[in-house]
Amino acid sequence: MPTFQYEAMNTVGQPVKGEIDAASSEDAIAKLRSQGNFPTKIKEKAGKKGSKGQQKGGQQQRKGSGRRTAGAVPAKLLTQFTRQLSTLIDAGLPILRSLRILEEQQKPGMLRVAIRLVAEDVEAGLTLSEAMERHPKTFNRLYVNMVRAGELGGVLDLILQRLAEFQEKSQALKRKVVGAMIYPSAVITFALLIVTGLLVFVVPQFKTIFADMGSKLPGTTVALLSLSEWVMAGGWMVIMGLPVAIWLTLKLLKTSQGGRYFVDSMSLHLPLVGSILGRTSVARFTRTLGTLLSAGVPILEALNITRDTSGNEVYSRALTKVHDGIREGESFADPLRQARIVDSMVVNMIDVGEETGELDKMLNKVADTYDEEVETLVSSMTAMLEPVMVITLGLIVGFIVIALFMPMVGMLDALQGKK
């Protein structure tokens, strides 16, 4: 009977290594799970001859470690590749043949390069997850660990299908949030351009007229003329450069962990926008964690991956506390409740999921619920911002018009009084 070397996590989350006799890798996984261990890596132990071959292969791999690695690819293309690979494997095609077919179908670009390099590594003897792990910019930790879980469980086609669905839902949520920000950003930009144009080209013409009148100007008119002079003297550069300066400052702050926490924490407290960002983060981490757990990834490893891909430092730190709490023997719900990053409804659903043994399904339900809430909030914000921005722009233009015509009204009143 073959002997398999394994790496696993025990019931308290500690890593364990060892060997086990089993008829196949699936049998070995079943035996380990029956012992209360969660395998993360398993491979058949080779004999002496095989060991030499492996050492030689390892040397060749080390020599090739300086080879080119693929860069980032668009999320949409990666999702299409994932679904196509799942379909080909489900149809019974070998992994290497599936990769070669997809490589031929791809247009020239980074994804085609990534598929070719992965196929070459698989042909050299690496598993699909090991080959993908060499290209972290293309296949992140979440992707690689999902594939590894599918390989260990013998359900790679199903895992790839779930991964594609996860990517599609994540992209849909991102599109909703980004789409909601485009409209107000465009309106604010055009409003600034219009107001700046009035201050630069229109108001100075009235300044000449007021100088010829020689009468005392109202305070609003004086303020408008002073603002026009400031804009023409270089203030327009401040107006245009301020958004860029804010963006650069935020980017600089996010280079440090403390800065990222400060920016993310402040973002979550913004009116309405903070609620959308918070629900988006909850939907993202619950869907990521639920997808990993449904693939068979041990919960502590799944939490590590979720923490690193959460995209929000506030939730990342909270998930670290949850990870540490579970490792010390606590349930999932208790440290999450103490972190106070989610509503009590989410904590209760997770608590029920733990008790029923369906935590992964419950997490995905939470993600679906929050996706719907985000969509509702985005629609509400868009509907509310439209009249607010129109009214604000109307008030600004109205102020300019009133400030320009008040001196003329005063002059007409003075002329009528003389008559």
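Values in this document were obtained by computation on a predicted structure and should not be read as measured data.

1. Some words on the pattern of salt bridges
Overall, the coordinates contain 17 salt bridges when judged by the stated rule. As a salt-bridge pair, Glu103 and Arg100 come within 3.2 Å of each other at their nearest N and O atoms. With a gap of three residues between them, Glu103 and Arg100 both fall in helix α4 (residues 95-105), about one helical turn apart. Glu103 sits in the buried class, given a relative accessible area of 12%. According to the relative accessible area criterion, Arg100 is partly exposed, its value standing at 24%. Here Asp371 ties to Arg287 by a salt bridge, and the two come within 2.6 Å at their closest N and O atoms. Placement of the pair is Asp371 in helix α16 (residues 359-418) and Arg287 in helix α11 (residues 273-294), with a sequence separation of 84 residues. Comparing Asp371 with Arg287 shows no difference in burial state: the two are buried. Shared partners join several salt bridges into a network, and the residues in it are Lys169, Arg287, Asp368 and Asp371.

2. A word on helix α13 (residues 313-327)
Here α13 is 15 residues long and its end C-alpha atoms lie 21 Å apart, about the 21 Å a rise of 1.5 Å per residue gives. At its buried positions, α13 is contacted by α10 (257-268), α11, α12 (299-308) and α14 (333-339). Between the side-chain oxygen at the start of α13 and the backbone nitrogen of Val314 there is a gap of 2.9 Å, and the oxygen is on Asn312. Residue Gly329 follows α13 closely and has a positive phi angle near 105°.

3. Points about the confidence of the model for the protein chain
Per-residue pLDDT for the protein chain has a mean of 81; in total, 90% of the residues score no lower than 70. Ignoring residues within four places in sequence, the model shows residues 47-66, a span with pLDDT below 50, making four contacts including any to other chains.

4. Examining the layout of surface pockets
Volume-wise, the largest pocket comes out at about 1,600 Å³. Lining the largest pocket are 43 residues; nearest its centre among them are Lys174, Thr280, Arg284, Ser310 and Gly311. When contributions to the lining of the largest pocket are tallied by element, the ones reaching two or more residues are α3 (75-90), α7 (141-153), α8 (156-213), α9 (219-253), α10 and α11. By residue number, the principal contributor to the lining of the largest pocket is α8, which donates twelve residues. Within the lining of the largest pocket, the residues separate by chemical class into 19 nonpolar, 13 polar and eleven charged.

5. A closer look at the environment of Phe38
Tracing the backbone shows Phe38 in strand β3 (residues 38-44). Since its relative accessible area comes to 41%, Phe38 is described here as partly exposed. Between the alpha carbons of Phe38 and Val16 there is a distance of 9.5 Å; along the sequence they are 22 residues apart.

6. Comments concerning the nonpolar core
Nonpolar side chains tend toward joint burial in soluble globular proteins. In terms of nonpolar packing, the biggest core is built from 71 residues, with Phe81 and Met132 touching the most fellow members. Residue contributions to this core peak at nine residues, all from α16. Leave out the neighbours within four places in its chain, and Phe81 touches Leu99, Leu102, Leu111, Ile115, Met132, Phe139 and Tyr143. Core analysis: the second largest hydrophobic core is formed by eleven residues, Val231, Ile400, Ala403 and Leu404 among them.

7. Some remarks on the environment of Glu372
Note on placement: Glu372 falls in helix α16. Note on Glu372: relative accessible area 55%, which makes it exposed.

8. Side note on the side chain of Thr291
If you trace the backbone, Thr291 turns up in helix α11. Dropping the residues within four chain positions of it, Thr291 is found in contact with Met146, Arg162, Phe166 and Asn364.

9. Brief notes about a nonpolar patch on the surface
A surface patch of nonpolar side chains, about 620 Å² in accessible area, is lined by Phe190, Leu193, Ile194, Trp236, Met237 and Met240. Contributions of two or more residues to the nonpolar patch are made by α8 and α9.

10. With respect to the packing of aromatic side chains
We describe a pair of aromatic rings using the distance from one ring centre to the other and the angle between the two ring planes. Tallied over the full model, the rule gives four aromatic pairs. Ring centres of Phe81 and Phe139 lie 6.3 Å apart, and the angle between their planes is 50°; on these two criteria the pair is classed as tilted. Of this pair, Phe81 sits in helix α3 while Phe139 sits in the loop between α6 (128-133) and α7; the two residues are 58 residues apart in sequence, bridging distant segments of the chain. Phe81 sits in the buried class, given a relative accessible area of 1%. Judged by its relative accessible area of 2%, Phe139 falls in the buried class. A ring pair is formed by Phe206 and Phe405, whose centres lie 6.0 Å apart and whose planes are at 65°; its orientation type is edge-to-face.

Conventions and cut-offs
- Residues numbered from 1 in each chain as written.
- Predicted model: local features only at pLDDT ≥ 70, side-chain atom pairs only at ≥ 80, totals over all residues.
- Heavy atoms only, no water.
- Salt bridge = Lys/Arg side-chain N within 4 Å of Asp/Glu carboxyl O.
- Helix = DSSP H or I, 4+ residues; strand = E, 2+ residues; numbered from the N terminus.
- Buried < 20%, exposed > 50% of the residue type's maximum accessible area, 1.4 Å probe, protein only.
- Expected span 1.5 Å × (residues − 1).
- Contact = heavy atoms within 4.5 Å.
- Polar contact = N/O pair within 3.5 Å; in protein donor to acceptor, adjacent residues only side chain to side chain.
- pLDDT = per-residue confidence, 0-100.
- 1 Å grid on protein atoms, 1.4 Å probe; cavity = no way out; pocket = protein on both sides within 12 Å on 5 of 7 lines; lining within 4 Å.
- Points joined across faces, edges and corners; volume = space filled by probe spheres on them.
- Nonpolar A, V, L, I, M, F, W, Y, C, P; charged D, E, K, R; others polar.
- Core = buried A, V, L, I, M, F, W, Y, C linked by side-chain atoms within 4.5 Å.
- Patch = residues over 30% accessible without salt bridge, like charges linked within 9 Å, V, L, I, M, F, W, Y side chains within 5 Å.
- Areas by Shrake-Rupley, 256 points an atom, 1.4 Å probe, with all protein chains shown as cover.
- Phe/Tyr/Trp six-rings, centres within 6.5 Å; stacked < 30°, edge-to-face > 60°.

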